[in-house]
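The primary structure of each chain is shown beneath.
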Amino acid sequence: MNAITPEQLYLILPYKVSQLSMLMAKKLGMPILDAIRAIYRSNTYRDLAREETKLWHLGPVALFEYYQQYK
């Protein structure tokens with residue numbers, strides 16, 4: 001299997017952030033914009049943006065659990 005390129009990864013990231021932010025807003029009772037900001041400022045996003053972590057394979061629930069653990 002070929003590795004995903006940085007260009008391909010950056011096409012996936014907005015969808016992943018969207019799904020995660022909706023889940024965070026619901027679970028944590030926060031406005032969606034605050035959830036989006038929290039994600040982009042987090043270690044989770046930093047790790048998600050690195051292809052070698054393979055976090056982009058995870059769904060929103062698993063990413064939310066990762067966020068809660070590593071923020």
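The coordinates are above.
Draft legend 1. Molecular detail of the overall build of the protein. Along the protein, the regular secondary structure elements total four helices and zero strands. If you line up the protein on its principal axes, its C-alpha atoms span 40 × 20 × 20 Å. Counting every position in the protein, which comprises 71 residues, the buried fraction comes to 37%. Contacts in the protein between residues far apart in sequence, at least 24 positions, make up 58% of those at least 6 positions apart. Summed over all atoms, the accessible surface of the protein reaches about 4700 Å², with 56% contributed by carbon and sulfur. Between the averaged position of the 9 positive side-chain charges in the protein and that of its 6 negative side-chain charges there is a distance of 8 Å.

Draft legend 2. Structural view of the nonpolar core. Core analysis: the biggest nonpolar cluster contains 20 residues, and Leu13, Leu20, Met24, Ile39, Tyr45 and Leu48 have the highest contact counts within it. Taken together, the elements giving at least two residues each to this core come down to helix 1 (6-28), helix 2 (32-40), helix 3 (43-48) and helix 4 (60-70). Tallying contributions element by element places helix 1 first for this core, with seven residues. Dropping the residues within four chain positions of it, Leu48 is found in contact with Leu9, Leu13, Lys16, Thr53, Leu55, Trp56 and Leu63.

Draft legend 3. Spatial organisation of unusual backbone geometry. The backbone phi angle of Lys54 is positive, close to 60°, even though this residue is not glycine. By the secondary structure assignment, Lys54 is in the loop between helix 3 and helix 4. Positive phi, normally seen in glycine, also occurs at Lys71, with a value near 25°. With respect to the element layout, Lys71 can be found in the segment after helix 4.

The rules behind these values
- Residue positions are given per chain, counting from 1 as you read along its sequence in written order.
- The model is predicted, so local features are restricted to residues of pLDDT at least 70 and side-chain atom pairs to those at 80 or more, both for listing and for counting; the totals for chains, interfaces and linings are taken over all residues.
- Just so you know, side-chain values use all the structure's heavy atoms and leave hydrogens and water out.
- Going along the chain from the N terminus, every DSSP run of H or I of four or more residues is numbered as a helix, and every run of E of two or more is numbered as a strand.
- Each residue gets one of three labels from its accessible area relative to the maximum for its type: buried under 20%, exposed over 50%, partly exposed in between, using a 1.4 Å probe on protein chains only.
- What makes two residues a contact is simply this: any of their non-hydrogen atoms within 4.5 Å.
- Each accessible area is a Shrake-Rupley result for a 1.4 Å probe, and residues are judged covered by the shown protein chains and nothing else.
- Under the counting rule used here, the positive set is Lys and Arg, the negative set is Asp and Glu, and His together with the chain ends is not counted.
- By convention, charge coordinates are those of NZ in Lys, CZ in Arg, CG in Asp, or CD in Glu.
- Grouping buried Ala, Val, Leu, Ile, Met, Phe, Trp, Tyr and Cys residues that are joined through side-chain atoms within 4.5 Å yields what is termed a nonpolar core.

No statement about biological role is implied by the geometric values presented.
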